[in-house]
Amino acid sequence: MPDFIFFAHFLRRRAWLLLAAPILYGLVAFGWSQRLAPVYQAQAMLQVSPASLSSGDIGAIAASERLASTYAQIIVQPATLEATIARLSQDGAAPTWSLAVTAEPIRETQLIRLRVEGPSPAAAAQVADAVAQTFIETNRMRQVARFAASKTNLEQQMAALETQIKQDEAGSASPEVLSRLRQSLSALTASYETVRLAETQASDNVTVVQPARASVRPLRPRPLFNALAAAIVGLMMALAAALLLGLLVLRGWCRYLCPLGALLGLGNKVSLWRVARDPQGCTRCGRYPRECIQNTVPGTTECVICADCTQGCPNSSVRVTARQGQTGVKPPASTPLPDGRGRH
């Protein structure tokens, strides 16, 4: 209980600092936040449908989640963003700010959440839709390129056979030769259709299940949140400063932070009494700072005229005297303390 009372007394005496610091920090943070340009965020949703996904196949479902994670990494790569900027530039809507794009797969689903930041809700939504469409087209072209060489080779062979068949039909080729050529053409055509079917079955499908939507409230700055956070930080710093000052500096609070001490210091300049040192009798032993509860020099603005130093001076060279021009005023008395020191 005594510790609680001491702590409560400590907080009460320093209440002005514990209140002033949070208010000051909060106002500065709020004002600074108001000066920052607002940033808005748009969000779109993509669905990845792997070609190899089978209903009820746990392995295929896990593979689809890994594929969504891979695509989320590809979306934010510089190649995708540069292609998006080129796409928007063709429409005359190239972004004038640095793109901030994030993509994350949603756990246990085949969905990818795409987020884009911009200076306005409309701009952020436009860029988010452009990023999604650019990735879908780029991914489709990448998958088509896997079968492009095989299809091109088969098309060339089919065209050559068709030309040869037309030439033989116009000439004197035997029916057996024409039959073999037509059978070869039929086999090439079947192979071509097989490659096209494999291309369709092996192509992952990425679709936009939710177009970009932007919040009308800015993502940042958040003035009220920043002000509250700054106020909490200010309170903690004020409390730490008060504790450290009290531990490291003798009566540091009274000497440096207490407003009452500052007012009393100003009052010293107009006080009727002052603590004076006789330069002729003083041996400069340096004892009075040790005797002084303020650990200061008599006669300064930090001196509270407690008269303790007058009791401890071995040569009686420090005394309380009236200021020049003050007469008929009795000097303040010094009250003895248990250790023999005096205090006003």
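Everything that follows concerns the structure shown earlier in this document.
Note that this is a predicted model, so its numbers are computed, not measured.

Caption draft 1: View of the pattern of salt bridges. If you walk through the whole model with that rule in mind, you get 5 salt bridges. As a salt-bridge pair, Arg 220 and Glu 117 come within 2.8 Å of each other at their nearest N and O atoms. Placement of Arg 220 in the loop between strand S4 (205-214) and helix H7 (223-248) and of Glu 117 in strand S3 (residues 111-118) is noted, with a sequence separation of 103 residues between them. Overall, the relative accessible area of 40% leaves Arg 220 in the partly exposed class. A single salt-bridge network, built from bridges that share partners, covers Glu 104, Arg 113 and Arg 115.

Caption draft 2: Here's a closer look at the packing of aromatic side chains. Tallied over the full model, the rule gives 1 aromatic pair. Cation over ring: Arg 222 sits above Phe 225, and NZ or CZ is 4.6 Å from the ring centre.

Caption draft 3: Quick peek at the packing of helix H4 (residues 78-90) against helix H5 (residues 121-170). Orientation of H4 relative to H5, taken along the N-to-C sense of each, is 115°, at an axis distance of 9 Å. The angle between the axes of H4 and H5 places the two elements in the roughly perpendicular class. The chirality of how H4 crosses H5 is right-handed. Note on element contacts: H5 touches H4 through Gln 126, Val 127, Ala 130, Val 131, Gln 133, Thr 134, Phe 135 and Glu 137, opposite Thr 80, Ala 83, Thr 84, Arg 87 and Leu 88. Its residues assigned to classes, the contact of H4 with H5 comprises 6 nonpolar, 5 polar and 2 charged.

Caption draft 4: Expanded view of unusual backbone geometry. The omega torsion across Arg 220 and Pro 221 is 0°, close enough to zero to call that bond cis. Phi angles above zero are rare outside glycine, and Glu 108 is one such case at about 60°. Mapped onto the fold, Glu 108 is located in the loop between strand S2 (100-105) and S3.

Caption draft 5: Molecular detail of the sheet that holds strand S1 (residues 40-49). Taken in spatial order, the 4 strands of this open sheet run S2-S3-S1-S4, and their pairing is antiparallel. The open sheet has two free edges, formed respectively by S2 and S4, since each of these has just one partner strand. Across the sheet, the mean angle from the axis of one strand to that of its neighbour is 20°, orientation sign disregarded. Here 7 bridges tie S1 to S4, and the two strands are oriented antiparallel to one another. When the sheet's bridge partners are listed, Gln 47 is paired in S4 with Thr 207.

Caption draft 6: Focus on the pairing of S2. Note that S2 and S3 share 6 bridges and pair antiparallel. In the sheet register, Thr 102 faces S3, and the bridge partner there is Arg 115.

Caption draft 7: Just the nonpolar core, in detail. Of all hydrophobic cores here, the largest spans 28 residues; its most connected members are Val 48, Tyr 71, Ile 75, Val 101, Ile 112, Leu 114 and Val 206. Put simply, the parts of the chain that give this core at least two residues each are S1, helix H3 (58-75), H4, S2, S3, H5 and S4. When residues of this core are assigned to their parent elements, the largest contribution, 9 residues, is made by H5. What Val 101 contacts, discounting residues up to four positions off in sequence, is Val 76, Leu 81, Leu 114, Arg 115, Val 116 and Val 131. Judged by nonpolar contacts, the second largest core, of 10 residues, contains Met 158, Leu 161, Leu 181 and Leu 188.

Caption draft 8: Structural detail: the environment of Ala 242. Mapped onto the elements of the fold, Ala 242 is located in helix H7. Residue classification places Ala 242 among the buried positions, given a relative accessible area of 1%. Each C-alpha atom, one on Ala 242 and one on Leu 18, is 8.9 Å from the other, the two residues being 224 residues apart in sequence.

Caption draft 9: Inspection of the environment of Ala 21 at higher detail. Mapped onto the secondary structure, Ala 21 falls in helix H2 (residues 15-35). Using a relative accessible area of 12% as the deciding quantity, one classes Ala 21 as buried. Along the sequence, Ala 21 and Met 237 sit 216 residues apart, while their C-alpha atoms lie 8.1 Å from each other. Beyond its immediate sequence surroundings of up to four residues, Ala 21 is in contact with Gly 234 and Ala 238.

What counts as what
- Residues numbered from 1 in each chain as written.
- Predicted model: local features only at pLDDT ≥ 70, side-chain atom pairs only at ≥ 80, totals over all residues.
- Heavy atoms only, no water.
- Salt bridge = Lys/Arg side-chain N within 4 Å of Asp/Glu carboxyl O.
- Helix = DSSP H or I, 4+ residues; strand = E, 2+ residues; numbered from the N terminus.
- Buried < 20%, exposed > 50% of the residue type's maximum accessible area, 1.4 Å probe, protein only.
- Phe/Tyr/Trp six-rings, centres within 6.5 Å; stacked < 30°, edge-to-face > 60°.
- Lys NZ or Arg CZ within 6 Å of the ring centre and 35° of its normal.
- Axes fitted to C-alpha atoms, helices over the stretch in contact; angles between N-to-C directions.
- Parallel < 35°, antiparallel > 145°, perpendicular 65-115°, else oblique.
- Left-handed = near helix turned anticlockwise from the far one by under 90°.
- Contact = heavy atoms within 4.5 Å.
- Nonpolar A, V, L, I, M, F, W, Y, C, P; charged D, E, K, R; others polar.
- Pairing = 2+ DSSP bridges.
- Core = buried A, V, L, I, M, F, W, Y, C linked by side-chain atoms within 4.5 Å.

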